[in-house]
Amino acid sequence: MSSILRRCTKLTHSGILSMLPGSNGRSCALQYFASEKRYSTSSKIKVDLDSNTGVAIMQFQSPPVNSLSLDFLTEFAINIEKLELDRSCRGVIITSALPKVFSAGLDILEMYQKSPEHYVEFWKAVQEAWFKLYGSSKVTIAAINGNSPAGGCLLAMCCDYRIMAENPRYSIGLNETQLGIVAPFWFKDTMQNVVGHRETEKGLQLGKLYTAPEALKVGLVDELVPEEKVVSSAAEAMSKWLAIPDHARQLSKSMMRKPTIDRLLAAREADITNFVSFTSKDSIQKSLGMYMEMLKKRRS
Ligand SMILES: CCCCCCCCCCC/C=C/C(=O)SCCNC(=O)CCNC(=O)[C@H](O)C(C)(C)COP(=O)(O)OP(=O)(O)OC[C@H]1O[C@@H](n2cnc3c(N)ncnc32)[C@H](O)[C@@H]1OP(=O)(O)O
């Protein structure tokens with residue numbers, strides 16, 4: 001991994017990168033990884049695995065805002081599973097290829113004016129993505145290079161370490177209550193495991209979107225770095241995590257996360273039933289419809 005960083009630094013200093021269109025530290029890391037094995041190319045997510053370091057970089061590339069649709073979540077779970085089974089992969093960096101947004105969270109259109117059967121399928125995909133990422137034995141690092149509300153925040157919180165662009169206009173948090181909906185218990189558990197009970201209680205009730213500096217202050221993210229350094233800093237952090245013997249780190253991770261995972265495993269079906277009946281309520285559909293309208297108005 002340090003060879004990656006040395007190479008990025010060399011290129012940046014030599015000015016070669018500045019000759020490339022749209023070049024910066026972020027693209028340096030991406031270009032380095034891109035020169036390695038293209039692991040998978042699906043329409044919404046790109047994965048490159050560096051066979052020398054065992055580090056995969058997963059880039060979300062689903063315009064306009066990397067919302068977590070059924071298709072996106074299915075691709076995501078498949079990719080994480082594939083990497084999990086690959087013994088040559090030791091770590092995964094998750095980031096966005098789009099400007100200004102890491103992920104806008106669950107795709108609201110998947111929860112709006114659809115059939116109960118669709119809600120079941122969608123929620124199973126949300127659960128599956130969480131099981132795969134939260135339960136991954138690999139080192140997972142979120143390189144948060146843009147806004148990351150709700151489900152986007154959940155994905156980041158599932159990782160072992162979070163590095164965010166220090167842009168004060170970017171925010172992250174579980175803002176569900178602002179939409180008139182309620183984050184399920186396992187979203188809450190995941191946040192509580194990161195920032196503790198008190199901060200989760202405030203953050204969840206208020207549907208708080210933390211600015212990048214606020215997120216650092218409460219421990220929702222671990223580091224803030226200049227935007228162009230988010231991916232190279234993630235690579236640097238990764239090298240520290242990979243210096244620990246895998247078996248010891250993996251057992252420690254599993255020991256910390258197993259109770260949270262077991263809790264959803266035990267309530268999986270009930271959680272789906274809750275989601276379907278909650279989402280199907282007229283009042284919830286009305287709230288979601290109004291929220292989508294608000295997003296559109298804000299744009300115009
Ligand atoms: C008793 C308990 C039972 C519990 C049962 C469970 C209950 C349900 C739990 C559900 C949990 C939900 C989790 C979620 O993740 S909900 C999604 C929350 N996401 C948001 O609030 C983010 C909304 N988006 C934004 O704030 C901005 O888009 C963003 C800051 C991300 C980017 O801003 P930007 O200005 O760059 O882009 P636009 O706002 O102009 O958006 C571009 C277009 O994308 C559409 N859009 C945005 N976000 C979403 C989304 N999440 N889903 C679908 N579509 C989205 C937006 O409307 C624009 O569309 P148009 O181009 O058509 O206008």
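Because the structure is predicted, anything quoted here is derived from the model rather than measured.

Engineer: Describe the overall build of the protein chain, listing the residues and the values that go with them.
Structural biologist: Per the secondary structure count, the protein chain includes 11 helices and 10 strands. Evaluated residue by residue, the protein chain yields a buried proportion of 44% over its 300 residues. Sequence-distant contacts in the protein chain: of pairs separated by 6 or more residues, those separated by 24 or more amount to 75%.

Engineer: Mind laying out the environment of Ala150, listing which residues take part and the relevant values?
Structural biologist: Assignment of secondary structure puts Ala150 in the loop between β6 (148-149) and α5 (151-158). Accessibility expressed as a C-beta count within 10 Å gives 26 for Ala150, which makes it buried. Residues Ala150 and Leu174, 24 residues apart in the sequence, show an inter-C-alpha distance of 4.2 Å.

Engineer: An account of the pairing of strand β7 (residues 161-165) is needed here, citing residue identities and associated values.
Structural biologist: Counting buried residues along β7, 4 of its 5 residues qualify, which places the element largely inside the surrounding structure. Direction of pairing for strand β5 (residues 139-144) relative to β7: parallel, over a ladder of 4 bridges. The residue of β7 that forms the bridge with Ala143 is Ile163. Summarising the sheet, β7 and strand β10 (residues 223-225) pair through 3 bridges and their orientation is parallel. Among the inter-strand pairings, Ala165 is bridged to a residue of β10, identified as Val225.

Engineer: Report on the sheet that holds β6, specifying residues and quantitative values.
Structural biologist: Strand order in the open sheet made by the 3 strands is β6-β8-β9, with mixed pairing throughout. The open sheet is flanked by β6 and β9 (210-211), the only strands paired with a single partner. Relative to β9, strand β8 (residues 171-173) runs antiparallel, the two being bridged by 2 bridges. In the strand pairing of β9, Ser171 is matched with Thr211.

Engineer: Outline helix α9 (residues 230-241), listing residues and values.
Structural biologist: If you check α9, its first and last C-alpha atoms are 17 Å apart, about what 12 residues at 1.5 Å a residue would give, namely 16 Å. Within α9, 9 of the 12 residues are buried, which leaves the element mostly enclosed by the surrounding structure.

Engineer: Break down the environment of Phe278 for me, with residues and values.
Structural biologist: In this fold, Phe278 is placed in helix α10 (residues 246-280). Between the C-alpha atom of Phe278 and that of Lys202, which follows or precedes it by 76 residues, the distance is 23 Å.

Engineer: Lay out the site of the ligand in plain terms, naming residues and giving numbers.
Structural biologist: For the ligand, the set of nearby residues contains 29 residues, the closest of which are Ala104, Gly105, Leu106, Ala150 and Gly151. Of all elements in the fold, only α10 and α11 (282-299) reach the threshold of two or more residues within the shell around the ligand. At 4 residues, α11 tops the list of elements feeding residues into the shell around the ligand. Looking at the shell around the ligand, its residues break down into 18 nonpolar, 6 polar and 5 charged.

Engineer: If you had to explain unusual backbone geometry to someone new, which residues and values would you point to?
Structural biologist: With an omega of 5 degrees, the peptide bond between Pro63 and Pro64 qualifies as cis. Not every positive phi belongs to a glycine, and Lys100 is a case in point at roughly 70 degrees. As for its position among the elements, Lys100 is in the loop between β4 (91-96) and α4 (116-134). Look at Lys100 and you get partly exposed, because 15 C-beta atoms sit within 10 Å. At Ala150, a residue that is not glycine, the phi angle is positive and equals roughly 45 degrees.

Engineer: Report on the pairing of β4, specifying residues and quantitative values.
Structural biologist: For β4, the tally of buried residues reaches 6 of 6 residues, placing the bulk of the element in the interior. Side chains Gly91, Ile93 and Thr95 project from β4 onto one buried face, and the interleaved Val92, Ile94 and Ser96 project onto a second face that is buried too. Here strand β3 (residues 55-60) pairs with β4 via 6 bridges, running parallel. Within the sheet, the bridge partner assigned to Ile57 lies in β4 and is Ile93. Chirality of the crossover, the property in question, places the unit of β3, helix α3 (residues 70-85) and β4 among those that are right-handed. Pairing geometry for β4 and β5, over 4 bridges, is parallel. Considered in β5, the bridge of Ile93 is made with Ile141.

Engineer: Explain the confidence of the model for the protein chain to me, and be specific about the residues and the numbers.
Structural biologist: Here the protein chain averages 89 in pLDDT, while 87% of its residues score no lower than 70. Per-residue pLDDT stays below 50 along residues 1-35; that stretch engages in 48 contacts with residues further than four places along the chain or on separate chains.

Engineer: Which residues make up the environment of Gly151, and what values do they have?
Structural biologist: Here Gly151 is to be found in helix α5. Residue classification places Gly151 among the buried positions, given that 24 C-beta atoms sit within 10 Å. With sequence-adjacent residues up to four places away left out, Gly151 is seen in contact with Leu68, Ser103, Gly105 and Leu106.

Engineer: Outline α3, supporting the account with residue identities and numerical values.
Structural biologist: With 16 residues, α3 ought to run about 22 Å at 1.5 Å a step, and its terminal C-alpha atoms sit 23 Å apart, in line with that. Along α3, the residues classified as buried are Phe72, Leu73, Glu75, Phe76, Asn79, Ile80 and Leu83. Looking down the long axis of α3, one finds its buried residues gathered within 160 degrees of arc, a one-sided arrangement.

Rules of the game
Per chain, residue numbering runs from 1 following the sequence as it is written. The predicted origin of the model limits local features to residues at a pLDDT of at least 70 and limits the giving and counting of side-chain atom pairs to 80 or more, whereas totals for whole chains, interfaces and linings rest on all residues. Only DSSP runs of H or I with at least four residues qualify as helices, and only runs of E with at least two residues qualify as strands; both kinds are numbered from the N terminus onward. Exposure criterion: with C-beta atoms placed from backbone coordinates, a residue whose C-beta has 20 or more other C-beta atoms within 10 Å is buried, one with 12 or fewer is exposed, and one in between is partly exposed. In this description, a residue-residue contact is defined by the distance between C-beta atoms placed from the backbone, which must lie within 7 Å. Here, any two strands with at least 2 DSSP bridges between them count as paired. Multiplying one less than the number of residues by 1.5 Å gives the expected span of a helix. Note on definitions: a residue is near a molecule or strand provided its C-beta atom, placed from the backbone, lies within 6 Å of it. Side-chain classes follow a simple rule in which Ala, Val, Leu, Ile, Met, Phe, Trp, Tyr, Cys and Pro form the nonpolar group, Asp, Glu, Lys and Arg form the charged group, and the remainder, Gly included, forms the polar group. If the strands point away from the viewer and the path from the first strand over the helix to the second runs clockwise, then the crossover is right-handed. Looking at any residue, its pLDDT shows the predictor's confidence there, from 0 to 100. Taken from the helix axis, the directions to the C-beta atoms give the arc we talk about.

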